[in-house]
Amino acid sequence: MKKDIMKEKAAQAFRCYARLSLCNCNSALQVLCRIRGICSDRTALDMLAVFDTLRLLEIDRDTLALRAVKDIYFATAKKRLRAGEITLRIRRLAYEENCDDRTVYRRLGKARDVWQFVRDREKKQTAGE
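Residues numbered from 1 in each chain as written. Predicted model: local features only at pLDDT ≥ 70, side-chain atom pairs only at ≥ 80, totals over all residues. Heavy atoms only, no water.

Caption draft 1: Region of interest: the overall build of the protein chain. Along the protein chain, the regular secondary structure elements total six helices and zero strands. Projecting the C-alpha coordinates of the protein chain onto the three principal axes gives extents of approximately 45 × 30 × 25 Å. Accessible surface for the protein chain amounts to roughly 8,300 Å². Of this, 49% is attributable to carbon and sulfur atoms. Positive and negative side-chain charges of the protein chain, numbering 29 and 18 respectively, have mean locations separated by a distance of 4 Å. (Helix = DSSP H or I, 4+ residues; strand = E, 2+ residues; numbered from the N terminus. Areas by Shrake-Rupley, 256 points an atom, 1.4 Å probe, with all protein chains shown as cover. Lys, Arg positive; Asp, Glu negative; His and termini not counted. Charge placed at Lys NZ, Arg CZ, Asp CG, Glu CD.)

Okay, structure coming up:
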């Protein structure tokens, strides 16, 4: 099976965002200051894209996509993934939300697509100096 590079980059960016504990910040200013203090320019752009993606999903009121990102990518950020762990988390979320597994995969795909769209449009000036 051929892997999609942007899919892997997006998943890695979401997991890195949680690993840096940026998902626990209370304000946008705190997130931006921490990103600027911790990350290099390239990583900062990825983290800003994750931040914007989460805000766009929140504005769109896509709670399933937000919950999928938090339960699947954020929850597994600080430990090594075991075989089949993502699939089991997706099945559990689908059961709890009373939907199909494929729906959760589509919502994760939507979050990754939004991340890629935002990331492609960000420039080095966005991260500041």
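Caption draft 2: Inspection of the side chain of R119 at higher detail. Considering the arrangement of structural elements, one finds R119 in helix α6 (residues 101-121). Side-chain polar atoms of R119 contact the side chain of D46, separated by 2.5 Å. Filtering out sequence-adjacent residues up to four positions away, R119 remains in contact with R42, L45, D46 and A49. (Polar contact = N/O pair within 3.5 Å; in protein donor to acceptor, adjacent residues only side chain to side chain. Contact = heavy atoms within 4.5 Å.)

Caption draft 3: Region of interest: the packing of aromatic side chains. For the coordinates displayed, the defined rule picks out two aromatic pairs. Aromatic side chains Y17 and F74 sit 5.9 Å apart centroid to centroid with 25 degrees between the ring planes, which places their arrangement in the stacked category. Highlighted residues: Y17 in helix α1 (residues 5-19) and F74 in helix α4 (residues 63-74), separated in sequence by 57 residues. On the basis of relative accessibility, which here comes to 12%, the residue F74 falls in the buried class. (Phe/Tyr/Trp six-rings, centres within 6.5 Å; stacked < 30°, edge-to-face > 60°. Buried < 20%, exposed > 50% of the residue type's maximum accessible area, 1.4 Å probe, protein only.)

Caption draft 4: The arrangement of helix α5 (residues 85-97) in detail. Counted at 1.5 Å a residue, the expected span for α5 with its 13 residues is 18 Å, and the 18 Å between its end C-alpha atoms agrees. For α5, every residue scored as buried is listed here: E85, R89, I90, L93 and A94. On its buried face, α5 sits against α4 and α6. After α5 finishes, the residue N98 shows a positive phi value of roughly 60 degrees. (Expected span 1.5 Å × (residues − 1).)

Caption draft 5: Spatial organisation of α1. Relative to the 21 Å expected for 15 residues at 1.5 Å per residue, α1 spans 21 Å between its end C-alpha atoms, a close match to the ideal helical length. Among all positions of α1, only A10, A11, A13, F14, R15, C16, Y17 and A18 are buried. Turning to α1, the residues buried within the fold contact α2 (28-38), α3 (41-59), α4 and α6. Positive backbone phi, approximately 60 degrees, marks S21, located one or two places after α1.

Caption draft 6: Looking closely at unusual backbone geometry. With a phi angle near 60 degrees, R61 is a residue other than glycine that sits in the positive phi range. The residue R61 is located in the loop between α3 and α4 in this model. Backbone geometry places N98, a non-glycine residue, at a positive phi of 60 degrees. Mapped onto the secondary structure, N98 falls in the loop between α5 and α6.

Caption draft 7: Region of the structure containing the environment of Q12. Among the structural elements, Q12 can be located in helix α1. Under the relative-accessibility criterion, Q12 is labelled exposed at 54%. Remark: the alpha-carbon pair of Q12 and I72, spanning 60 residues in sequence, is separated by 12 Å.

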